[in-house]
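Letter by letter, the chains look like this.
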Amino acid sequence: MERTYISQTVDKIGQLVRLKGYINTVRDHGKITFIDLRDKTGVLQCVGTDLKIQLRGEDVVEIEGAVKSRPEKMVNEKLPTGKVELAIVKLTVIEKADELPFDLGGNDLNVSLPVLLDYRSLTLRHPKSQAIFKVQNQVVKTFRDYLSSQGFVEFNAPTIVPVATEGGANVFPIKYFEHDCYLAQSPQLYKQIMVGVFERVFSVARAYRAEPSVTTRHICEYVSLDAEMGFIDSWTEVMDVLENLFKKVFADIDLNCKDELALFDQTVPRVENLIPRIKMREAQQIIFERTGVDHRAEKDLEPEDEREICRWAAETKGSELVFVTHYPTAKRAFYTMPDPADPEFSLSFDLLGRGLEWVSGSQRINNHKELVKAVELRGNNVKDFELYLQAFKYGMPPEGGFALGAERITMQILGLENIREATLFPRDMERVDIKLSSLKTQKNAKKIPLKKTP
Ligand code: AMO
């Protein structure tokens, strides 16, 4: 008999089927045993009589039995398979599991964050964890499908690089044979080079940030979804692509991840019309008028400003997302194009959603001489950027792009409290799979103090 998946049982009432999966929960009532069986498609109640077999959570089993309609009173509306159950004919244990350190069978996984991560191989199996990564998978899939449909070509970016790309100190140096190299902070320079090849490109790549503090929204290794496009007539075209991309992401999640959203009691972010676009200085003025908090001279938005401007967009524009544009040139990376009308500010934007930054992007400096100047102005060595600058030396059209963090977006769509819940194997100042405190430190290593910020 061929294997049937749990989600298919609802269409097989009256039939004999063979299921494979894990014991999610087992309730032994003497003669009758109730088993919740889990496979990658869902959970199903199976009922056995006189099983005479000791079972525990996570045992890997094969069950043959008859699919039956549940009696009216026993229907579970919350479960996609809640109208049926399986009458067990034969149960075979394929592999026994060790005793579980906590209950994995409940609707919620009631464990602390350290336990969630200490037992990551196990906690990822919980239906709610699975749901998080199904949503993330949909975000990445739509990113790929939508941009491909718009003529973008996917490329694979390297992650060992000779120079820090995004500036700042939060870069991981690595020993590369007898040389010093770095883990890429983003695929930025490569996507720009690739515009010279394919005009429109995207990549799904690992990015590394040596974040010197522990926060609920930063991790040291994340999945960066990057896009870059050439021959733009205006930098606003980049925001147009991003806006349409998100509309598609939300539509696809709404369509394909209904059960997952329901598990977290969430709906996709609301965008009634267009996503509002306001300059950073306008945002600060709005915040001042709404709250009296005067950040109008600040060079960036504070986390509380980001939350407030999102509240403004939701309340007055019917949008849970908002573009904030024209950040000060000095606050953005060297490749960002200053606004020709007011070069103190740049043709840059952040897309904020539900109180937090989701995406950064900008038009880039595409003139070779200007770019060399910008590299030097930030104290960089032009020699280090030779390969990158080559692409501009030999002609580069006006271009721009953006990047979003897959984990950050997932966290925000599902309303999770900590980005680590939306990261398969999070790396931070305290952990690389195992707690760093349990590892030996390098000889002569300078101790970096551990900071915790919200
Ligand atoms: P930026 O540094 O703003 O821009 O990053 C872009 C997006 O990546 C995500 N992100 C992170 N997610 C989790 N942990 C982190 N430590 C982390 N850092 C960044 C966020 C953020 O909005 N090269 C530019 C993009 C561009 O201009 O195309 C860049 O990397 O979602």
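Remember, it's a predicted structure, so these values are computed and weren't measured experimentally.

Chemist: Quick rundown of the site of the ligand? Include the residues and the values.
Modeler: Taken together, 23 residues surround the ligand, and among them Gln 188, Lys 191, Glu 357, Ser 360 and Arg 364 come closest. Here a nitrogen atom of the ligand and a side-chain polar atom of Glu 211 are 2.9 Å apart. Gly 405 places a polar main-chain atom, nitrogen or oxygen, 3.1 Å from an oxygen atom of the ligand. When isolated, the ligand has an accessible area of 630 Å², and the protein chains bury 93% of it.

Chemist: Give me the pairing of strand E19 (residues 399-405): which residues, what numbers.
Modeler: Counting buried residues along E19, six of its seven residues qualify, which places the element largely inside the surrounding structure. Sheet topology places strand E12 (residues 221-230) next to E19; seven bridges connect them, and they run antiparallel. By the bridge assignment for E19, Ala 227 is matched with Phe 402. Of the strand pairs in this sheet, strand E18 (residues 356-363) and E19 are connected by five bridges, and their pairing is antiparallel. The residue bridging Val 359 from the neighbouring strand is Leu 404, located in E19.

Chemist: Kindly report on the sheet that holds strand E13 (residues 277-279), identifying the contributing residues and their values.
Modeler: Within a sheet, adjacent strands bond to each other through the backbone by hydrogen bonds, running parallel or antiparallel. With mixed pairing, eight strands are arranged side by side in an open sheet as E6-E10-E12-E19-E18-E17-E14-E13. Looking at which strands have only one partner, the edges of the open sheet turn out to be strand E6 (153-154) and E13. Those strands touched by helix H7 (residues 280-291) are E13 and strand E14 (321-325), and its axis lies near 90° from that of E13.

Chemist: Hey, could you go over the UniProt feature "binding site: ATP" (unreviewed entry) in the protein for me, with residue numbers and the actual values?
Modeler: Under the present numbering, the feature "binding site: ATP" (unreviewed entry) in UniProt falls on Arg 209, Ala 210, Glu 211, Glu 357, Gly 405, Ala 406, Glu 407 and Arg 408. Following the sequence through the fold, Arg 209 ends up in the loop between strand E10 (200-208) and strand E11 (213-214). Setting aside its immediate chain neighbours within four residues, Arg 209 contacts Glu 166, Asn 170, Phe 172, Gln 185, Ser 186, Ile 219, Cys 220 and Tyr 222. Here Gln 185 takes part through its backbone oxygen, which lies 2.9 Å from a polar atom of the side chain of Arg 209. As for its placement among the helices and strands, Ala 406 is situated in helix H11 (residues 406-414). Not counting chain neighbours up to four residues away, the residues in contact with Ala 406 comprise Gln 136, Val 140, Val 223 and Leu 225.

Chemist: Could you give me a rundown of the packing of helix H3 (residues 127-149) against H11, with the residues and numbers involved?
Modeler: One way to put it is that H3 packs onto H11 with a least axis distance of 9 Å and a crossing angle of 120°. Here H11 runs oblique to H3, going by the angle between their axes. Crossing geometry of H3 relative to H11 is assigned as right-handed. Here H3 contributes Ile 132, Val 135, Gln 136, Val 139 and Val 140 to the contact with H11, which in turn contributes Ala 406, Glu 407, Ile 409, Thr 410, Ile 413 and Leu 414. Considering only residue class, the contact of H3 with H11 consists of eight nonpolar, two polar and one charged.

Chemist: Go over helix H8 (residues 303-317), please, and point to the residues and values.
Modeler: Residue pairs spaced three or four apart in an α-helix point in one direction, given the helix's 3.6 residues per turn. If you check H8, its first and last C-alpha atoms are 21 Å apart, about what 15 residues at 1.5 Å a residue would give, namely 21 Å. Within the sequence span of H8, burial applies to Asp 305, Glu 306, Glu 308, Ile 309, Cys 310, Trp 312 and Ala 313. Against E13, H7, E14, strand E17 (348-353) and E18 lie the buried residues of H8.

Definitions and limits used
Every chain is numbered on its own, with residues counted from 1 as its sequence reads. Local features in this predicted model are restricted to residues whose pLDDT is 70 or higher, and side-chain atom pairs enter the listing and the counts only when it is 80 or higher, whereas totals over whole chains, interfaces and linings include all residues. Think of the side-chain values as coming from all heavy atoms in the structure, minus any hydrogens and water. Here a residue is considered near a molecule or strand provided that any single heavy atom belonging to it is located within 4 Å of it. As used in this structure description, the phrase polar contact means that two N or O atoms lie within 3.5 Å; if the pair is within protein, one of them must be able to donate a hydrogen and the other to accept it, and residues adjacent in sequence are counted only when both atoms belong to side chains. Each accessible area is a Shrake-Rupley estimate made with a 1.4 Å probe; only the visible protein chains count as cover when residues are assessed. Classification of residues uses two cut-offs on accessible area relative to the type maximum, computed with a 1.4 Å probe and protein chains only: under 20% is buried, over 50% is exposed, and between them is partly exposed. The way it works is that DSSP assigns letters per residue, a run of H or I at least four long becomes a helix, a run of E at least two long becomes a strand, and they are numbered from the N terminus. By definition, two strands form a pair when at least two bridges between them are found by DSSP. By the convention used here, residues are in contact when the closest approach between their heavy atoms is within 4.5 Å. Orientation is described by axes fitted as lines to C-alpha atoms, over the contacting stretch for helices, and by angles from 0 to 180 degrees between their N-to-C directions. UniProt positions are given in the numbering used here, feature names are shortened, and annotations may be inferred rather than shown by experiment. Working rule for angles: under 35 degrees goes down as roughly parallel, over 145 as roughly antiparallel, 65 to 115 as roughly perpendicular, anything else as oblique. Crossings are sorted by hand: turned counterclockwise from the far helix by less than a right angle, the near helix makes the crossing left-handed, and turned clockwise it makes it right-handed. Three residue categories are used. Nonpolar comprises Ala, Val, Leu, Ile, Met, Phe, Trp, Tyr, Cys and Pro, charged comprises Asp, Glu, Lys and Arg, and polar comprises the others, including Gly. In this scheme, a helix's expected span is set at 1.5 Å multiplied by one less than its residue total.

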